Amino acid sequence: MNLAEKLSRYAANLTYDDLTPEAIHEAKRRVLDSLGCAMGARHAQPSRIARELALSVSASPGATVIGTTHKSAPDHAAFANGVLFRYLDFNDTYLSKEPAHPSDNIAAILAAAEVAGASGKDVILAIVLAYEVQCRLCDAYSIRAQGWDHVTYGAFSTSLACGKLLGLTEEQLTHAQGIAGTVGNAMRQTRVGMLSHWKGCAFANASRGGIFAAQLAKLGMTGPAPIFEGEMGFFNQVAHGSFSLDAKAFGPPFIINQTYIKFWPAEYHSQSAIDAALQLRDRIGDWREIAKIEIASFSAAVEIIGGEPEKWRPTTRETADHSLPYCVAVALQDGDVTLDSFDAAHLGNEALLDFIQNITVVGDAALNPRYPEGIPNRLTVTLKDGTQHVCEVTFPRGHARNPMSDSEVVHKFRSMARIYFPEDRLAEMVRRCLALENEASVTPLLELFA
């Protein structure tokens, strides 16, 4: 069997009874977390654009555009909802040879579940499956090194998860992977230089492609094969190298329990630096007494969020939340990093921007072996009187080695959703998300967010 066939067999045979209680519970937390992120991003310009497009299409059966009761075509709904989940850079993360935000898969899964009439248990199963596929691919090979964006792997995870919900056969699942995998290769330009709206939309596009491919395959459309090993396939044209995956070695224990919920709304490699900055702030007092800051970090963090000149004077939210010096500076000045830390007032704050110029980011080869198990960042703050303060953090709050509690996840959700809904509605949202296995359909749950 080729790799796509192995993944299809795994997807077809995985059942809800195979899941561990830990994986089930974590999947429900990720649904709640994603819906909270959606509410936090509701008024962002990319969210409005994607929603406007989705609302221009009606379908029956259709999928809910979150924040409304409108039923759009499932690929349009998956895109619009995927932008909501991702835009704030506040949804979850997995770090390996290739990084990922695996809850991005949930937008496509919810859309497929609605058109298929699937239950809450079916959704939980599809989420665990999508995490398993995407994260195992990230473990196997780094496509970032070849200039491709991590969302490329989402073509495979979303097509399989959506295909599972739509009842595809093994053969049809393989065709879905072939279709989605051929057209879903995303360029890494999305995440370099001054970042655009598309940074928060790229996986939403993979979601759109994944569910569309699964729907086509269900109707009998065949896809290019073998998608991985073929002469012009993924290994030769995208990865420029091959890798193997043994689907028989997939969970349990399931990889969803090795992924991380974000505590602060910023790119994940910055989380430990933010943590360290907040700890140092208590020792330093007035940030104006700081003369300079050195951030010692590992190669991946330097490459992604600490190595480009745009990171020292960002002009867009997307660049700022992907800037290691910006995140550290705003943490020291404000005493926290919140959604408001990336607003126009902050991006135009000359005192903040000038302060960032006193920060240097240096690669420390000694930290590299500790990644991706951890994300070690060490801050050395030198005050104007010459005093130095040092703090190093490897496992920030929310990391799998330092996980957020259920109450913290609920608080995070409420902090973003409470501006729209009364307390009784919030309580019902939380209760039903955390008891998702009892939902006969996810549509009533999603309509609570209208």
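Before reading on, note that the structure itself is shown above.
Just so it is clear, the structure is predicted and the values come from calculations on it, not from any experiment.

Definitions and cut-offs
Every residue gets a number counted from 1 within its own chain, in the order that chain's sequence is written. Restriction of local features to residues with pLDDT of at least 70 applies here, the model being predicted, together with a cutoff of 80 or more for giving and counting side-chain atom pairs; totals for whole chains, interfaces and linings are based on all residues. For the side-chain quantities, the full set of heavy atoms in the structure was used; hydrogens and water were omitted. By nonpolar core is meant a set of buried Ala, Val, Leu, Ile, Met, Phe, Trp, Tyr and Cys residues that side-chain atoms within 4.5 Å join together. Exposure categories follow from relative accessible area, calculated using a 1.4 Å probe and restricted to protein chains: below 20% of the type maximum is buried, above 50% is exposed, and the middle band is partly exposed. Working definition: helices are DSSP H or I runs of at least four residues, strands are E runs of at least two. Numbering for both runs from the N terminus. Note on contacts: a residue pair is in contact if any heavy atoms of the two residues lie within 4.5 Å. For two strands to be treated as a pair, DSSP must find at least two bridges joining them. Here, axes are lines fitted to C-alpha atoms. For helices the fit covers the stretch in contact, and angles between N-to-C directions go from 0 to 180 degrees. In this scheme Phe, Tyr and Trp rings, the latter by its six-membered ring, pair at centre separations within 6.5 Å, and the angle between planes marks the pair as stacked below 30 degrees, edge-to-face above 60, and tilted otherwise. For a ring to carry a charge above it, either NZ of a lysine or CZ of an arginine must fall within 6 Å of the ring centroid while also lying within 35 degrees of the normal to the ring plane.

K.L.:
Describe the nonpolar core, listing the residues and the values that go with them.
P.N.:
Core analysis: the biggest nonpolar cluster contains 101 residues, and Phe228, Phe234, Phe243 and Phe449 have the highest contact counts within it. Top contributing element to this core by residue count: helix 6 (residues 120–140), with 14 residues. Excluding anything up to four places from it in sequence, Phe449 contacts Leu35, Met39, Ile66, Gly67, Phe413, Phe421 and Met429. Within the second largest apolar cluster, 40 residues are counted, among which are Trp287, Ile304, Ala329 and Ile359.

K.L.:
Kindly report on the sheet that holds strand 6 (residues 388–393), identifying the contributing residues and their values.
P.N.:
Taken together, the four strands give an open sheet; going across it, the order is 4-3-5-6, and neighbouring strands pair in mixed fashion. Whereas interior strands pair on both sides, the edge strands pair on one side only; in this sheet they are strand 4 (359–363) and strand 6. Strand-to-strand twist of the sheet, defined as the mean angle between neighbouring strand axes without regard to direction, takes the value 15°. Bridging between strand 5 (residues 377–383) and strand 6 involves six bridges; their strand directions are antiparallel. The residue bridging Thr380 from the neighbouring strand is Val390, located in strand 6.

K.L.:
Which residues make up the packing of aromatic side chains, and what values do they have?
P.N.:
Evaluated as defined, the whole model comprises 18 aromatic pairs. Every member of this aromatic cluster is reached through a ring pair, and the members are Tyr141, Tyr153, Phe156, Phe228, Phe234, Phe235 and Phe243. Lying across the ring of Phe90, Lys412 places its NZ or CZ 4.0 Å from the centre.

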